Amino acid sequence: MDDDRVTRRRVDAGDIRRANQGWWDTDADAYQAEHGAFLGEVDFVWCPEGLREADARLLGDPTGARILELGAGAAAAARWLATRGARPVALDLSAGMLRHAAEAAGRTGVRVPLVQADALALPFADAAFDTVCTAFGAIPFVDDSAAAMREVARVLRPGGRWVFSVTHPMRWIFLDDPGEGGLTAVHSYFDRSPYVEQDERGVATYVEQHRTLGDRIRELVGAGFRLLDLVEPEWPAGHEGIWGQWSPLRGRLFPGTAIFVAEKPTN
């Protein structure tokens with residue numbers, strides 16, 4: 001993308017929602033064509049490093065659990081959870097991504113409820129779920145992620161678990177370059193200005209938010225959660241795939257993903 005189409009700047013909350021919904025609707029086909037094989041149709045992959053829930057078991061035993069997948073995309077994770085005895089619901093803002101979820105359900109025969117909604121206004125009753133999870137969905141794309149954490153807390157039962165993966169905050173120091181150019185620090189870690197792609201008129205077409213590790217912990221604590229773990233998946237031997245800025249070169253030097261595991265206390 002041209003340099004003048006990429007910037008770091010503040011964007012109005014309404015424009016962020018419009019930009020990201022439009023981007024994911026437009027890009028859904030290309031995204032699935034590029035990443036669908038890696039993600040699978042009935043699988044739960046937490047990150048480009050390839051960590052799978054089948055191995056990590058960050059959600060605990062899913063049998064019988066009411067699970068909400070936020071920012072579910074094509075809902076491969078929700079379908080995988082269904083095959084493990086869970087009762088999942090897949091939610092996404094993008095109709096384009098949910099179309100792929102419906103098509104994959106038809107191909108696999110594994111069907112889960114699909115809901116189009118905003119993570120900042122979840123259309124569910126209080127304590128409706130035992131677990132909420134997302135792999136790179138929703139949280140990086142909303143203007144007020146602290147409010148999203150509070151919404152998750154609202155729909156979780158006491159004792160419920162909230163697990164989400166995001167780009168590791170230290171990655172924001174570097175350019176989105178999987179090669180040598182992505183090894184030089186160019187941005188301040190403390191600059192929370194969003195990453196913005198824009199059209200020739202300067203209208204935002206894609207917006208992604210940066211928060212520090214401390215910011216994320218304060219969001220969780222502020223929403224009433226207790227942090228149980230922070231997982232930083234290492235780049236596995238033999239994994240030579242490239243996904244955007246993720247690559248073997250960078251992955252073997254510093255983390256690309258942060259997975260937060262939190263619990264809503266029972267009192």
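The structure this text deals with has already been given above.
Residues numbered from 1 in each chain as written. Predicted model: local features only at pLDDT ≥ 70, side-chain atom pairs only at ≥ 80, totals over all residues. Heavy atoms only, no water.

Looking at this structure, how should I read the nonpolar core?
Grouped burial of nonpolar side chains is what soluble globular proteins tend to show. Residues Leu68, Leu70, Phe124, Val132, Trp162 and Phe225 are the most contacted members of the largest nonpolar core, which totals 29 residues. Counting only elements with at least two residues in this core, the list comes to strand E3 (87-92), strand E5 (129-135), helix H5 (145-155), strand E6 (156-167) and strand E10 (257-263). The greatest single-element share of this core, amounting to 5 residues, is contributed by H5. Apart from the residues lying within four places of it in its own chain, the contact partners of leucine 70 are Leu91, Ala119, Leu122, Val132, Cys133, Thr134, Gly137, Ala138, Val152 and Trp162. By size, the runner-up hydrophobic cluster in this structure holds 16 residues, among which are Trp46, Leu58, Ile67 and Ala86. (Core = buried A, V, L, I, M, F, W, Y, C linked by side-chain atoms within 4.5 Å. Buried < 20%, exposed > 50% of the residue type's maximum accessible area, 1.4 Å probe, protein only. Helix = DSSP H or I, 4+ residues; strand = E, 2+ residues; numbered from the N terminus. Contact = heavy atoms within 4.5 Å.)

What is the right way to look at the sheet that holds strand E1 (residues 6-8) in this model?
Two pairing modes exist for strands in a sheet, parallel and antiparallel, and in both the strands are linked by backbone hydrogen bonds. An order of E1-E7-E8 is seen for the 3 strands of this open sheet, with the pairing classed as antiparallel. Taken across any chain shown, the strands that pair with only one partner, and hence form the sheet edges, are E1 and strand E8 (204-208). Pairwise comparison of adjacent strand axes, ignoring direction, gives a mean angle of 25 degrees for this sheet. Here 4 bridges tie strand E7 (residues 195-198) to E8, and the two strands are oriented antiparallel to one another. Of the residues in E8, the one forming a bridge with valine 196 is valine 207. (Pairing = 2+ DSSP bridges. Axes fitted to C-alpha atoms, helices over the stretch in contact; angles between N-to-C directions.)

How do you make sense of the sheet that holds E3 when you look at a structure like this?
Across the sheet, which stays open at both edges, the 7 strands sit in the order E4-E3-E2-E5-E6-E10-E9 with mixed pairing between neighbours. The open sheet terminates on both sides in strands that have one partner only, identified here as strand E4 (114-116) and strand E9 (226-231). On average, each strand axis in the sheet is tilted by 20 degrees relative to the strand beside it, whichever way the strands run. Two elements, E3 and E4, share 3 bridges in a ladder whose sense is parallel. From the neighbouring strand, leucine 91 faces E4, where its bridge partner is valine 115. Sitting on the sheet, helix H3 (residues 76-83) is in contact with strand E2 (66-69), E3 and E5, with an inclination near 175 degrees to E3.

Looking at this structure, I do not really get the environment of glutamine 209. What am I missing?
In this fold, glutamine 209 is placed in the loop between E8 and helix H6 (213-222). You can call glutamine 209 buried: its relative accessible area is 5%. Separated by 121 residues in the primary sequence, glutamine 209 and proline 88 place their C-alpha atoms 27 Å from one another. With near-sequence residues (within four places) excluded, glutamine 209 lies in contact with Ile16, Pro140, Val142, Asp143, Trp172 and Pro194.

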